[in-house]
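Fold and geometry: a report
For reference, the chains in residue letters:
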Amino acid sequence: MTNRFFLSVLFVFASILNIYSAAGSAPDLGGAASFAVLAGSTVTNTGGSSVIGDVGVSPGTAITGLTPGMVTGNTYAGGAVPAQAQADALTAYNDLAGQACDTILTGQDLGNRTLTPGVYCFSSSAQLTGILTLNALGDPDAVFIFKIGSTLTTASNSAVLLFNGGNTCNIFFQVGSSATLGTDTTLQGNIIAQGSITLNTRTSLRGRALALDGGVTMDTNTITNGCLGTTSASVSISGRVINAKGLGVRNAQVWMIDSEGNKKTVMTSSLGYYSFTDAEAGNFYILGVTSRRYRFQTRAVSASDSISNFDFLAEE
């Protein structure tokens, strides 16, 4: 009986040690830490993007389409600062590439999963369709690493969301070639790609886009280096809930969940309008609608500024 109890205790401790050894370690980004966007060849923007953090390119020197008012931070078109940032980003890339895999996900979609801290590996390409939820298990130092052999691609309206006490600074996507984020994607984490990074229309990134050799292409995006600190200013998220005929749905419950798992709800007006007035600027949210008569798709959004016309259309 005593031996059996002793073996049980050893098994429990071994399981605990295995859980903690499964988590990877965050690399030191060095001079790349202050950058929200860093490219090897060019940084190209179309539309009214917003970048919080430094923007730079090296060894290339071309930055087009980003006016000073779009960037809260320094802009470096070549020179010693982005060159050092690139060297440090490469060191971080190699650090990530050398970490042991905890879970192999080759051939599996990242969407509609809930993952705990660890190192997740794809021998070739990785796809995200839908929402990937990262549960930090209450640990502010929890680390999530995704090692991707070739390309990272997200479908439109996809999202990577962090919950339960984690830190965006400790989410890393090490991409062997290029990363392409689809229209209206909402992603948390640091992308370090050997090749290029493309952010399609209205993609939001809370983290960093670091392209070692290729360019970073933007189109009406919001990129926030969340490791620089966030503001506590409040912004609003509002819109309308409508049915397939375009009529407002009254008395529907609209709910909003922040990155800590806190939930708020409001009811739609007689014409289907709703509004949240106390969203935290820079935070990510999941919104959805509960209605007896209709079904609605859950949506994710980055609340960098006040958002209006964030509408929900009932599914057929």
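For every chain, the first residue of the written sequence is number 1, and numbering continues from 1 along that sequence. Local features in this predicted model are restricted to residues of pLDDT 70 or higher, and side-chain atom pairs are both shown and tallied only at a pLDDT of 80 or more, whereas totals for entire chains, interfaces and linings draw on every residue. Hydrogens are left out, water is left out, and the side-chain values use all remaining heavy atoms of the structure.

1. Some words on the sheet that holds strand S2 (residues 42–46)
Strand pairing in a sheet relies on backbone hydrogen bonds. The paired strands run either parallel or antiparallel. Pairing between strands requires that DSSP locate at least two bridges from one strand to the other. Numbering of helices and strands starts at the N terminus; helices are DSSP runs of H or I of at least 4 residues and strands are runs of E of at least 2. Read across the sheet, 7 strands follow the order S5-S2-S21-S19-S17-S14-S11 without closing on themselves; strand pairing throughout is parallel. Both outer strands of the open sheet, strand S5 (62–64) and strand S11 (126–128), are each paired with one neighbouring strand and no more. Averaged over all adjacent pairs, the angle separating strand axes in this sheet is 5°, with direction ignored. Bridge count for strand S19 (residues 197–199) against strand S21 (residues 216–219) is 2 bridges, and the pairing is parallel. For Ile197, the partnering residue across the bridge sits in S21 and is Val216. To obtain each axis, a line is fitted to C-alpha atoms, and for helices this fit is confined to the stretch in contact; angles are then taken between N-to-C directions over 0 to 180 degrees.

2. What to know about the packing of aromatic side chains
Aromatic ring pairs: the centre-centre distance and the angle between the two ring planes describe each pair. A pair of aromatic rings is counted whenever rings of Phe, Tyr or Trp (Trp by its six-membered ring) have centres within 6.5 Å, and the orientation is called stacked for planes under 30 degrees apart, edge-to-face for over 60 and tilted otherwise. Taken as a whole and assessed by the stated rule, the structure comprises 7 aromatic pairs. Taking the centre distance of 5.5 Å and the plane angle of 20° together, the rings of Tyr120 and Phe146 count as stacked. Of this pair, Tyr120 sits in strand S10 (residues 118–122) while Phe146 sits in strand S13 (residues 144–148), and the two are 26 residues apart along the sequence. Throughout this description, buried means an accessible area under 20% of the type-specific maximum (1.4 Å probe, protein chains only), exposed means over 50%, and partly exposed covers the range between. Look at Tyr120 and you get buried, because its relative accessible area is 6%. By relative accessible area, Phe146 is classed as buried at 0%. Where Tyr294 meets Phe296, the ring centres are 6.4 Å apart and the plane angle is 65°; that geometry is what we call edge-to-face. Note on Phe296: relative accessible area 10%, which makes it buried. Two conditions define a charge sitting above a ring: the NZ of Lys or the CZ of Arg must be within 6 Å of the ring centre, and it must be within 35 degrees of the ring normal. Sitting over the face of the ring of Phe310, Arg299 holds its NZ or CZ atom 3.9 Å from the ring centroid.

3. A short note on the pairing of S21
Of the two faces of S21, only the one carrying Val216 and Met218 is buried; Thr217 and Asp219 on the other face are not. Pairing of S2 with S21 involves 4 bridges; the strand directions are parallel. The residue of S21 that forms the bridge with Val43 is Val216.

Shape is all these values report; function is a separate question.
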